[in-house]
Amino acid sequence: MFVAQRNGRPATAEELAPLAFAGYAHFTAMQVRGGRVRGLDLHLERLRRASMELFGRAVPDDRVRSYLRAALRDGPAGVSLTATVHSPAGEFTVAEGEPEVLVRTGPAASGPAGPLTLAAVEHERFLPAVKHVGEVAKTYVLRQAAGQGFDDAAFVDRRGRLSEGSIWNLAFWDGTAVVWPVAEMLTGTTMAVVRRRLDRLGVPQRAQEITLADLPALAGAVVMNSWTPGVPVHRIGSVPLPEAEPFVRLLHRAYQAEPPAAP
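Residues numbered from 1 in each chain as written. Predicted model: local features only at pLDDT ≥ 70, side-chain atom pairs only at ≥ 80, totals over all residues. Heavy atoms only, no water.

Topic: the pairing of strand 9 (residues 169–173)
Item 1. Counting buried positions over the five residues of strand 9 gives five, a clear majority of the element.
Item 2. Neither face of strand 9 is open: one carries N169, A171 and W173, the other L170 and F172, and all of them are buried.
Item 3. One ladder, built from five bridges, connects strand 9 with strand 12 (residues 220–225); its direction is antiparallel. Looking at strand 12, one finds that F172 is bridged to A221.
Item 4. Relative to strand 10 (residues 178–181), strand 9 runs antiparallel, the two being bridged by two bridges. Residue pairing for strand 10: W173 is matched across the bridge by V178. (Buried < 20%, exposed > 50% of the residue type's maximum accessible area, 1.4 Å probe, protein only. Helix = DSSP H or I, 4+ residues; strand = E, 2+ residues; numbered from the N terminus. Pairing = 2+ DSSP bridges.)

Topic: the sheet that holds strand 4 (residues 78–86)
Item 1. With antiparallel pairing, the five strands of this open sheet are ordered in space as 2-1-5-4-3. A single partner strand is all that each edge strand has here, and the edge strands are strand 2 (9–10) and strand 3 (25–33).
Item 2. Sheet analysis places strand 1 (residues 4–6) next to strand 5 (residues 100–107), joined by three bridges and oriented antiparallel. By the bridge assignment, A4 is partnered in strand 5 with R104.
Item 3. Packing against the sheet, helix 2 (residues 40–55) makes contact with strand 3 and strand 4, and its axis sits at approximately 170° to strand 3.
Item 4. Along the sheet face, helix 3 (residues 61–72) touches strand 1, strand 3, strand 4 and strand 5 and points at about 35° away from the line of strand 5. (Contact = heavy atoms within 4.5 Å. Axes fitted to C-alpha atoms, helices over the stretch in contact; angles between N-to-C directions.)

Some words on the packing of aromatic side chains
Item 1. Applying the stated criterion across every chain yields a total of three aromatic pairs.
Item 2. Considering the side-chain rings of W168 and W227, the 5.7 Å spacing of their centres and the 80° angle between planes classify their relative orientation as edge-to-face. Of this pair, W168 sits in the loop between strand 8 (162–165) and strand 9 while W227 sits in the loop between strand 12 and strand 13 (228–236), placing them 59 residues apart in sequence.
Item 3. Given the relative accessible area of 5%, W168 is considered buried.
Item 4. Here W227 falls in the partly exposed class, since its relative accessible area comes to 34%.
Item 5. Ring geometry for W173 against F247: centres 5.2 Å apart, planes inclined by 10°, an arrangement best described as stacked. With W173 in strand 9 and F247 in helix 6 (residues 245–256), this residue pair connects regions lying 74 residues apart in the sequence.
Item 6. Overall, W173 belongs to the buried group, its relative accessible area being 13%. (Phe/Tyr/Trp six-rings, centres within 6.5 Å; stacked < 30°, edge-to-face > 60°.)

Examining unusual backbone geometry
Item 1. Residue G114 is joined to P115 through a cis peptide bond whose omega torsion reads 0°.
Item 2. Looking at where P115 falls in the secondary structure, it is placed in the loop between strand 5 and strand 6 (116–122).
Item 3. The phi dihedral of L127 falls on the positive side, at around 45°, and the residue is not glycine.
Item 4. Position of L127 relative to the elements: it lies in the loop between strand 6 and helix 4 (136–147).

Shown next, in the form of structure tokens:
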């Protein structure tokens, strides 16, 4: 039912084995329903930009789309799909090579129901604008947070600004407008879909630096990623937050307004 393909064809054990130890690669993750993806253009742009950053060249969009189609061709209607781009030259080398694309599919996911509690952890990711692999710190802080009784973690940078979560973007609500945190972070595809759809719905949005001290003045918070456009958060660190169900419903409505596209 599910596949692992290298450049559009089934990947062999010999081809997959080196990737188990590869840390110089980037990826995008998406939810596919009925062979279609919301924000497909954003996923392709993410892969293109990250490839230029890491490898100085990118696999053309039409070729990436053909690899996605090949992986979805005989699978179930709903899957989770991850497309990882790496160089056959491997790590610890300046050798150049044409980037390759590993596409994997697995069971469809929808994320937790929430509400969640997030530990506030001082952490800044390296190359935050790139969704890259080998980030041991994210799993480490998640495990540390769970050990302290939290569901996950929210990152606080050296200036005290909230940025993102372990695998999530953060969004806040002031009762009227959606508030996006300003800090160095990965711009998620779901986040970008929601922002452009909120614009079309005429919902006010603004971006601002948000610290833990700012949270009591806000009316709600969520996390979002490829699984879901909004899971409510009712505490960050020691600061409680309202669940703000209308805010969560608004984000889901905005995301559902995005027409899904076929690769």
